[in-house]
Amino acid sequence: MNDPIRVVVIEDEVAIRRFLKASFGDGEAELHEAGTGSEGLTLIARKNPHVVLLDLGLPDQDGLAVLRELRTWSNVPVIVLTARGQDTDKVAALDGGADDYLTKPFSVAELMARIRVAMRHAQTSDHSAQTAIEAGLLRLDMAGHIASIEGVELALTQIEFKLLAILAQNVDRVVTQRHLLLEVWGPAYEDSTHTLRVHMANLRNKLKAHAREGLKIQTEIGIGYRLRQ
Ligand code: CA
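Q: Which residues make up the sheet that holds strand β9 (residues 152–153), and what are the values?
A: As summarised here, the arrangement of the 4 strands in space is β6-β7-β8-β9, forming an open sheet in which the pairing is antiparallel. Since the sheet does not close on itself, it has two edges, and those belong to β6 (132–135) and β9, each with one partner. Alignment of strand β8 (residues 146–149) against β9, held across 2 bridges, turns out to be antiparallel. Paired with I149 across the bridge in β9 is V152. The sheet contacts of helix α6 (residues 158–169) involve β6, β7 (138–141) and β8, and relative to β7 the element is tilted by about 120 degrees.

Below is the structure:
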């Protein structure tokens, strides 16, 4: 039997904390609660959790400030909890080092799925030395710049290959538009979301022509893209 998953939640809404406590009631995970940012940071340092759930609207400081501080000393996966409609906050959190976000209200199933993805990714997050990336039936040969699905090569442009590689390294996680633009085109193109949309549409069509059901690029409107396998 594995150790329970240690989760720290930083959230001032008691109702949400109560919901989380009930969700983790079966011993699969152990929940440590903080109601403010500073308490939360102390708790993370003490408990060394596998995952952190971070509310962005905290009474003592902005959740983004908590994230910034945390990222100076920890790489623990962080899932941000936001209210509906706070898309600019989500983007800022993802660009600031959050791994994912959940929009309130969320279900237990959604929460658990996101926690699993964040933890899986934390275990395999060093892609620097990888010569191949696999995501389901998709395989990317990084040295040869070849993408294939079940051995059938996709005819991708260099840009499409780079986009797909970043998405595949972050499979099931959302990657922001800004991150893709910076990585593929560079700082001068940070705001060229139209260009990104065009290339992403082409890439999506090529994937669609080859892929079995399941493998697809999901658009998170106003935020970014997520490769689903
Ligand atoms: Ca709050």
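Q: With reference to specific residues and values, describe the side chain of T103.
A: Here T103 shows up in strand β5 (residues 100–103). For T103, a relative accessible area of 15% puts it in the buried group. Of the polar contacts made by the side chain of T103, one reaches the side chain of K90; its length is 3.2 Å. Those residues in contact with T103 that sit more than four places away from it in its chain are T82, A83, R84 and K90.

Q: Could you give an account of the packing of α6 against helix α8 (residues 193–210), naming the residues involved and the relevant values?
A: Running from N to C, α6 and α8 cross one another at 80 degrees; their axes reach a closest spacing of 10 Å. Judged by the angle between their axes, α6 and α8 are roughly perpendicular. When α6 is examined against α8, the residues I159, E160, L163, L164 and L167 are found in contact with a partner set consisting of L196, H199, M200, N202, L203, K206 and L207. Residue composition of the contact of α6 with α8, by class: 8 nonpolar, 2 polar and 2 charged.

Cut-off values and rules
- Residues numbered from 1 in each chain as written.
- Predicted model: local features only at pLDDT ≥ 70, side-chain atom pairs only at ≥ 80, totals over all residues.
- Heavy atoms only, no water.
- Pairing = 2+ DSSP bridges.
- Helix = DSSP H or I, 4+ residues; strand = E, 2+ residues; numbered from the N terminus.
- Contact = heavy atoms within 4.5 Å.
- Axes fitted to C-alpha atoms, helices over the stretch in contact; angles between N-to-C directions.
- Buried < 20%, exposed > 50% of the residue type's maximum accessible area, 1.4 Å probe, protein only.
- Polar contact = N/O pair within 3.5 Å; in protein donor to acceptor, adjacent residues only side chain to side chain.
- Parallel < 35°, antiparallel > 145°, perpendicular 65-115°, else oblique.
- Nonpolar A, V, L, I, M, F, W, Y, C, P; charged D, E, K, R; others polar.

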